[in-house]
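What the coordinates show
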Amino acid sequence: MKKIRLRSKIFILYLSLFVVAVNLSFIFFYRYAVRMLTTKYTDSVKAIVLRTMQQTEALLLDLDRTALFCISNPVIVRFLSHDLNYDQLNGIEQSNLDRTFITIALPASRPPLRASIYNQRGKYFSFGIPDNVDVVKENFASGFFKTHIASGIQSVDTINISLPHADYWSKNRKRLIISIFRAVTDLHSFEKTGYAEIQVPFEEITKILNGAGAADFQKLIFNKDGFPVYTENNDAPEFYADIINKIGLQNTETGIFEIKDKKRDSLIFYSRSSSLGWTTVFIDNKLTLHKNIRNISFTFFMLTFVLTAFFASAGFLSAKKITQPLERAIKKIEDTASIQAELPITEKDQTKDETDFISSTFNRLFEKLQDSVHQKNIAKTEELKAHFIALQSQIDPHFLYNMLAVISACSREQNHTAVIKICTELSSMFRYITVFNEQTVTLHDELEHTGHYLSLMHIRFGEQADIRIEVDKNIDTQKIKVPRLIIQPLVENCFSHAFKRIEPPWKLYIKVYAENNKWHCTISDNGCGIDEKKHFEIFYAISEFLIDPAQHIEEVRIGGMGLINTGVRLKMFAGVNALFEIRKSRFGGTEIHIGGSLNDSCVCC
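Residues numbered from 1 in each chain as written. Predicted model: local features only at pLDDT ≥ 70, side-chain atom pairs only at ≥ 80, totals over all residues. Heavy atoms only, no water.

Looking only at helices and strands, the protein chain has 18 helices and 18 strands in total. Considering the protein chain as a whole, with its 605 residues, one finds that 43% of them fall into the buried category. By sequence separation, contacts in the protein chain at least 24 residues apart represent 66% of the contacts at least 6 residues apart. (Helix = DSSP H or I, 4+ residues; strand = E, 2+ residues; numbered from the N terminus. Buried < 20%, exposed > 50% of the residue type's maximum accessible area, 1.4 Å probe, protein only. Contact = heavy atoms within 4.5 Å.)

The next point concerns the environment of Leu68. Within the fold, Leu68 resides in helix H1 (residues 5–72). Sequence-wise, Leu68 and Phe181 are 113 residues apart; in three dimensions their C-alpha atoms are separated by 9.2 Å.

Viewed as axis vectors pointing N to C, helix H15 (residues 488–498) and helix H18 (residues 562–574) meet at an angle of 165°, and their least axial separation amounts to 9 Å. In terms of orientation, H15 and H18 fall into the roughly antiparallel class. As H15 runs across H18, the sense of the crossing is left-handed. From H15, Pro489, Leu490 and Asn493 reach across to H18, where they touch Gly562, Leu563 and Thr566. Considered class by class, the residues forming the contact of H15 with H18 number 3 nonpolar, 3 polar and no charged. (Axes fitted to C-alpha atoms, helices over the stretch in contact; angles between N-to-C directions. Parallel < 35°, antiparallel > 145°, perpendicular 65-115°, else oblique. Left-handed = near helix turned anticlockwise from the far one by under 90°. Nonpolar A, V, L, I, M, F, W, Y, C, P; charged D, E, K, R; others polar.)

Glancing now at the pairing of strand E6 (residues 192–201). Burial runs high along E6: 9 of the 10 residues are buried. Bridging between strand E1 (residues 114–118) and E6 involves 5 bridges; their strand directions are antiparallel. Its bridge partner being in E6, Ile117 is matched across the sheet by Ala196. Between strand E5 (residues 176–185) and E6, which pair antiparallel one after the other, the connecting turn spans 6 residues, and Phe190 there sits at a positive phi close to 60°. (Pairing = 2+ DSSP bridges.)

A cluster of nonpolar residues, Phe298, Phe301, Met302, Phe305 and Val306, forms a patch on the protein surface that exposes about 550 Å² of accessible area. Along the polypeptide, Phe298 turns up in helix H8 (residues 286–337). Phe298 sits in the exposed class, given a relative accessible area of 54%. (Patch = residues over 30% accessible without salt bridge, like charges linked within 9 Å, V, L, I, M, F, W, Y side chains within 5 Å. Areas by Shrake-Rupley, 256 points an atom, 1.4 Å probe, with all protein chains shown as cover. Salt bridge = Lys/Arg side-chain N within 4 Å of Asp/Glu carboxyl O.)

A few words now on the packing of aromatic side chains. For the coordinates displayed, the defined rule picks out 21 aromatic pairs. Each ring, one from Tyr118 and one from Tyr124, has its centre 6.1 Å from the other, and the planes form 20°; the classification is stacked. For the residue pair Tyr118 and Tyr124, the accessibility class agrees, reading buried in each case. Taking 5.2 Å as the distance between ring centres and 75° as the angle between the ring planes, the aromatic pair formed by Tyr168 and Trp169 counts as edge-to-face. As far as the burial class goes, Tyr168 and Trp169 line up, both buried. Taken together, the ring pairs connect Tyr118, Tyr124, Phe140, Tyr168 and Trp169 into an aromatic cluster. Here the basic side chain of Lys219 rests over the ring of Phe282, its NZ or CZ set 5.9 Å away from the ring centre. Over the ring of Tyr513 we find Lys511; its NZ or CZ atom is 5.2 Å from the centre of that ring. (Phe/Tyr/Trp six-rings, centres within 6.5 Å; stacked < 30°, edge-to-face > 60°. Lys NZ or Arg CZ within 6 Å of the ring centre and 35° of its normal.)

Below, the discussion takes up the sheet that holds strand E11 (residues 279–285). Strand order in the open sheet formed by 5 strands is E8-E7-E11-E10-E9, with antiparallel pairing between adjacent strands. In the strand order of this sheet, the two ends are held by strand E8 (228–231) and strand E9 (254–260), each with one partner. Strand-to-strand twist in this sheet, taken as the mean axis angle between neighbours without regard to direction, amounts to 20°. Across 3 bridges, strand E7 (residues 218–222) lies against E8 in antiparallel orientation. Bridging from a neighbouring strand, Leu220 pairs with Thr231 of E8.

Another aspect to go through is helix H16 (residues 532–547). Between the first and last C-alpha of H16 there are 23 Å, a value that for 16 residues agrees with the 22 Å anticipated at 1.5 Å per step. For H16, every residue scored as buried is listed here: Ile538, Ala541, Ile542 and Phe545. Along the long axis of H16, the arc covered by the buried residues comes to 100°, so they all point the same way. Away from its buried face, by an angle of more than 90 degrees, H16 presents the exposed residues Glu532, Lys533, Phe536 and Ile547. (Expected span 1.5 Å × (residues − 1). Arc of directions from axis to C-beta.)

What follows deals with the confidence of the model for the protein chain. Here the protein chain averages 79 in pLDDT, and 80% of its residues register 70 or above. The spread of mean pLDDT over the elements of the protein chain runs between helix H9 (residues 347–351), the lowest at 54, and strand E16 (residues 518–525), the highest at 95. (pLDDT = per-residue confidence, 0-100.)

By secondary structure assignment, the location of Lys123 is in the loop between E1 and strand E2 (124–128). Within polar-contact distance, the side chain of Lys123 engages the backbone oxygen of Phe79 at 2.6 Å. (Polar contact = N/O pair within 3.5 Å; in protein donor to acceptor, adjacent residues only side chain to side chain.)

This next bit is on the nonpolar core. Grouped together as the largest cluster of nonpolar side chains are 52 residues, with contacts concentrated most on Leu443, Val491, Phe495, Trp519, Phe580 and Ile594. Ignoring sequence-local partners within four residues, the contact set of Val491 consists of Thr450, Tyr453, Leu454, Leu508, Ile510 and Ile523. Among the nonpolar cores identified, the runner-up in size contains 36 residues, and Cys70, Leu80, Leu209 and Tyr230 belong to it. (Core = buried A, V, L, I, M, F, W, Y, C linked by side-chain atoms within 4.5 Å.)

Inspection of the secondary structure puts Phe69 in helix H1. Relative accessible area serves as the criterion here: at 37%, Phe69 is assigned to the partly exposed category. Once the C-alpha coordinates of Phe69 and Ile104 are considered, the two residues, 35 residues apart in sequence, prove to be 8.0 Å apart. For Phe69, the contacting residues outside a window of four places in its chain are Thr100 and Ile104.

It is worth spelling out unusual backbone geometry at this point. The omega angle of the peptide bond from Pro504 to Pro505 is 5°, so this bond is cis rather than trans. On the secondary structure map, Pro505 appears in the loop between H15 and strand E15 (506–515). Residues other than glycine seldom take positive phi values, yet Asn516 does so here, at roughly 55°. The residue Asn516 is located in the loop between E15 and E16 in this model. Under the relative-accessibility criterion, Asn516 is labelled exposed at 67%. The backbone of Asn517 shows a phi angle near 60°, a positive value even though the residue is not glycine. For Asn517, the location among the structural elements is in the loop between E15 and E16.

A separate point is the pairing of strand E17 (residues 579–584). Sheet analysis places E17 next to strand E18 (residues 590–597), joined by 6 bridges and oriented antiparallel. Considered in E18, the bridge of Phe580 is made with Ile594. Taking the residues between adjacent antiparallel strands as the criterion, E17 and E18 are bridged by 5 residues, where Gly588 takes a positive phi near 105°.

Relative to each other, helix H14 (residues 443–461) and H15 sit at 20°, their axes nearing to 9 Å. The angle between the axes of H14 and H15 places the two elements in the roughly parallel class. The chirality of how H14 crosses H15 is right-handed. Where H14 abuts H15, its residues Glu446, His449, Thr450, Tyr453, Leu454, Met457 and Phe461 lie against Gln488, Val491, Glu492 and Phe495.

Put into structure tokens, the structure is as follows:
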């Protein structure tokens, strides 16, 4: 039995379409997933950086508010203004000073801190984290205050934040402290009388930096002067300096950028505090993001592989199911051919595709049946069709000649816009007139084609031609079938003959309407008209052609008169229902009246 090759073709087609669809889907969803993953990752890290910066900012601003409370508190200001030390105060003054510092240093919501007030004369008082009296006295005696504290306070009106430093008020020099300074001024003389210093262990900052979601990142904090406040890798000063320099060039408070070095590619996330001048930086290895992307890629690949295997199996079974009727048909043909001499199966048939094999076999059968049924009627019909197409095809040379003349004239006038318009309209018209496999069109299509021609004539003659088209709104031109090219040649005839011997303005009026179950179309002009002799010759030529088309085909060629050609084709199409009349128009020229039944069907088809 003949092998079913179509099954393989269908299987390959199904599989190919699926592979293409899956690959396109894979590319689309992969890019979408990568974009979403990258966006989610960067947004998440930026949110962590921003939260960390805000928490650090909140802590330091709270300490600064404490310092502001100190410098504005009358008890503290009076204490620093006079020369009495704490031990020289009376009991009430000491009690007031103690209560003031207890209020400052002991709120439950704060981390442990030390609130200190002092001046360069050696007056000192603090509360909170324990200090050491001997260390304090030693600092004032050695000039430590002047060299390390007073010189480090840059402004008396704004917040002053130190870099992390050893606790110089106690013996525990291993503990790092962050200090907030504010200058105290006398309420009367406005002279600087001392300083308020609020200290908090630097580990409170590191707790914030290592908060939820931040443990996997390398952190960096630097102040407004570009000095590092916190680093995690002291072996990479050049790397940190590069980050600080690049952030300094950014115009945004929050951002992200990439830095490449010899060791790795890093993603830098930063957020700057406008009130403190500190910038919080999170550094992450770009491989972290790439690892997540590789995981998604592997998932998509495995999903694609499984789906391809599944649909390959389904495609094969579908192809087999689809081709089973074809397989049975081929077997039936082979069984028939073995007993019918008129339908031999040749060696060439065996090499054909099964669809071609069935097609060629049934074609031979149909040809033999066709030869024995209605030979005369079929031959007559084919003859009429041939004449019908021959008449239609005669439109082309004459129309092309006229349009080339129009283009030539516009080109001489250098009207490039008109030439483009003409070519566009001409393209639409040639597309319409060169279709021979469809002998009938709708009245709407024919009017649209005529409109293209009139658009060309308007470009050529401008206001010299008064053209009007009226279509009755009660007539459905989309449902009326007519022969192709029965209106435009009549309109062209007006410009080719009727208007040749008269001066502009020229009038052309086209009216389409329905009446008495017939469609009607009149083409009226104010041209030179048709005399009675020519009128007789036209209708005589039409009658002769209908009697013997083969004998009179040359007499109705379109070269000199489109009226004969159109009249012949209309009568071949509609038979006794055809309307074709020539009469004098109300403008003084000629009026052509054509029409047919609203339900016409082609007689020659």
